[in-house]
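An overview of the molecular structure
Listed below, chain by chain, are the residues.
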Amino acid sequence: MNKCLIKSNNLEKLQTVLHKVAEAIKEAIKEKRPILIRHHADTDGYAGAIALQQAIMPLLYKAHARERDMQHYYTRLPSLTPYYDNQDALRDVTNFLIDKKQFQHKEPLIIICDIGTTKQSITGIKLAKNYDAKIIVIDHHPPDKEIQEVADILLNPHLIKSDYDFCTGMMCAEIANIINQDIEALYFIAAVAGYADKVKSEEYMQYLELCKDKGITEDDISTAAICIDYFGYELGNKESNDMLVDLFNPDSANHKQLIKLFSDSINEKMKKQLESNLFYAKITHLQNTMLSKIYVELDLEKIKKGNEYPRRGKCVGMMQDYMQRTNKVPVITIGYSKDAITFRSSTEIQEFSIDEIIKLLQQKLPGAQVDGGGHRVAGSISFIPQAFDDVKKIVDEYVEKILK
Ligand SMILES: [Mn+2]
């Protein structure tokens, strides 16, 4: 029996792990083990968490007679860092130890969504494990070796040699569907997540088709993805539930209204930012014999209004998209501030690798505390402000060498 929303060889290969996650969730509910979902505060992270939540809620209602008990057994919290931060871990462990003492609760099942596979997450995960929490990591970022040993279950497409066919929201939609076949619009959650994370795979196309069958256009999907990104940004580390559930359900009464209410003002903010980007970016055309390539540099300290939307990554991403679309040549865009650089590169630039940049910087500037990650062509690094000039020089040389 095929329980997947779509047909995919990659998904077949992930089946065993998908089912393991589904079983672990059902098991936790059955044995009254609290569930905590920690997810990245971006569209894909929210998509993954909300998909799982749709599957978890009906089971929790069945398992607990009193509604007020529910809040003790399920929590969902956004994470502002693209990893499971030590600070978040300290808070989570403190809270569940209090619940354990006060209410004799079991140690929780912690599901870490769209974050958790990089080195920076290991200490936090180990801390929670040390106090007997169970850990499931669902993430599509390249996994660190150690994480495979530390997590109880790791769901990561790289382990089946698929590097960008899935994002977290897509995988979580499939898990939710295994747990409960009656959840509405899971294909929409998957498509919104895929759009937000720029997944272009065959799998993504199938979710898109499922949406189209229900009269949902790609435009509806992109607008929802951007609205959710905006919500996530404005909410920060605060939890908000009902509006997010509405945003992820195109059939809900408030969905259209919410989207309408926010999309105009978001578009306005994006348009203004793109104007600033185009006016103030440093744009270099590098030409060899055949093909011209473009290097775009944005000074994020000066080109953005404080912490206003769009977020840094989006500011860089929208510029990258615009330059690719209008010039139809390979582009690398960087956005820098005093202690960080965000990167985007056209995928056809094979030599570009953020991991390689990090290694190069760590090797050449041992005192700069260079750290970071992401995917090969999209990610960011951080370093101490004192090292800025050195870091920038090495990054410029790296990019110019590749683009020549
Ligand atoms: Mn993601």
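Residues numbered from 1 in each chain as written. Predicted model: local features only at pLDDT ≥ 70, side-chain atom pairs only at ≥ 80, totals over all residues. Heavy atoms only, no water.

Considerations on the side chain of R76
Of note, R76 is situated in strand 2 (residues 74–79). Nearest to the buried, unbridged R76 among oppositely charged side chains is E239, at 4.7 Å. Separated by 2.9 Å, the side chain of R76 and the backbone oxygen of S240 make a polar contact. At 3.3 Å, the side chain of R76 and the side chain of N241 are in polar contact. Other than its neighbours up to four places away in sequence, R76 contacts I37, H39, Y46, A49, I50, Q53, E239, S240, N241 and L244. (Helix = DSSP H or I, 4+ residues; strand = E, 2+ residues; numbered from the N terminus. Buried < 20%, exposed > 50% of the residue type's maximum accessible area, 1.4 Å probe, protein only. Lys, Arg positive; Asp, Glu negative; His and termini not counted. Salt bridge = Lys/Arg side-chain N within 4 Å of Asp/Glu carboxyl O. Polar contact = N/O pair within 3.5 Å; in protein donor to acceptor, adjacent residues only side chain to side chain. Contact = heavy atoms within 4.5 Å.)

Points about the sheet that holds strand 5 (residues 153–155)
Across the sheet, 5 strands lie side by side as 2-1-3-4-5; this open sheet has parallel pairing. The open sheet has two free edges, formed respectively by strand 2 and strand 5, since each of these has just one partner strand. For this sheet, the mean inter-axis angle between neighbouring strands, taken without regard to orientation, is 15°. Note that strand 4 (residues 134–138) and strand 5 share 3 bridges and pair parallel. (Pairing = 2+ DSSP bridges. Axes fitted to C-alpha atoms, helices over the stretch in contact; angles between N-to-C directions.)

Details of the nonpolar core
I25, I35, L52, I111, I138 and I175 are the most contacted members of the largest nonpolar core, which totals 90 residues. Composition of this core by domain shows at least three residues from each of domain 1 (9–252) and domain 2 (273–403). For I35, the contacting residues outside a window of four places in its chain are I25, A28, I29, I56, Y73, Y74, T75, L109 and I111. (Core = buried A, V, L, I, M, F, W, Y, C linked by side-chain atoms within 4.5 Å. Domains from an automatic or database assignment.)

Considerations on the sheet that holds strand 8 (residues 331–337)
What the 6 strands build is an open sheet, ordered 6-7-8-9-11-10; its pairing is mixed. Edge positions in the open sheet fall to strand 6 (282–287) and strand 10 (371–374), since each of these has one partner strand only. Within the sheet, the average angular offset between the axes of one strand and its neighbour, ignoring direction, is 15°. Note that strand 8 and strand 9 (residues 340–345) share 6 bridges and pair antiparallel. Opposite T333, over in strand 9, you have R344 as the bridge partner. Lying on the sheet, helix 15 (residues 354–364) is in contact with strand 9, strand 10 and strand 11 (378–382); it crosses strand 11 at an angle near 15°. Together, strand 6, strand 7 (292–299), strand 8, strand 9 and strand 11 form the strand contacts of helix 16 (residues 388–403), whose direction differs from that of strand 7 by roughly 165°.

A closer look at the domain arrangement of the chain
Per the domain assignment, the segments making up the chain are domain 1 (9–252) and domain 2 (273–403). The distance between the C-alpha centroids of domain 1 and domain 2 comes to 29 Å. Carbon and sulfur atoms make up 53% of the surface buried where domain 1 meets domain 2, a total of about 1000 Å² over both sides. For domain 1, the biggest contributors to the area lost against domain 2 are Q120, D229 and Y233; these three give 47% of the whole. The interface formed by domain 1 and domain 2 contains 2 salt bridges. The salt bridge partner of D321 is K198, with a shortest N-O separation of 3.1 Å. Counting the contacts that link domain 1 with domain 2 gives 6 residue pairs in polar contact (both at pLDDT 80 or more). (Buried area = accessible area lost by both parts, 1.4 Å probe.)

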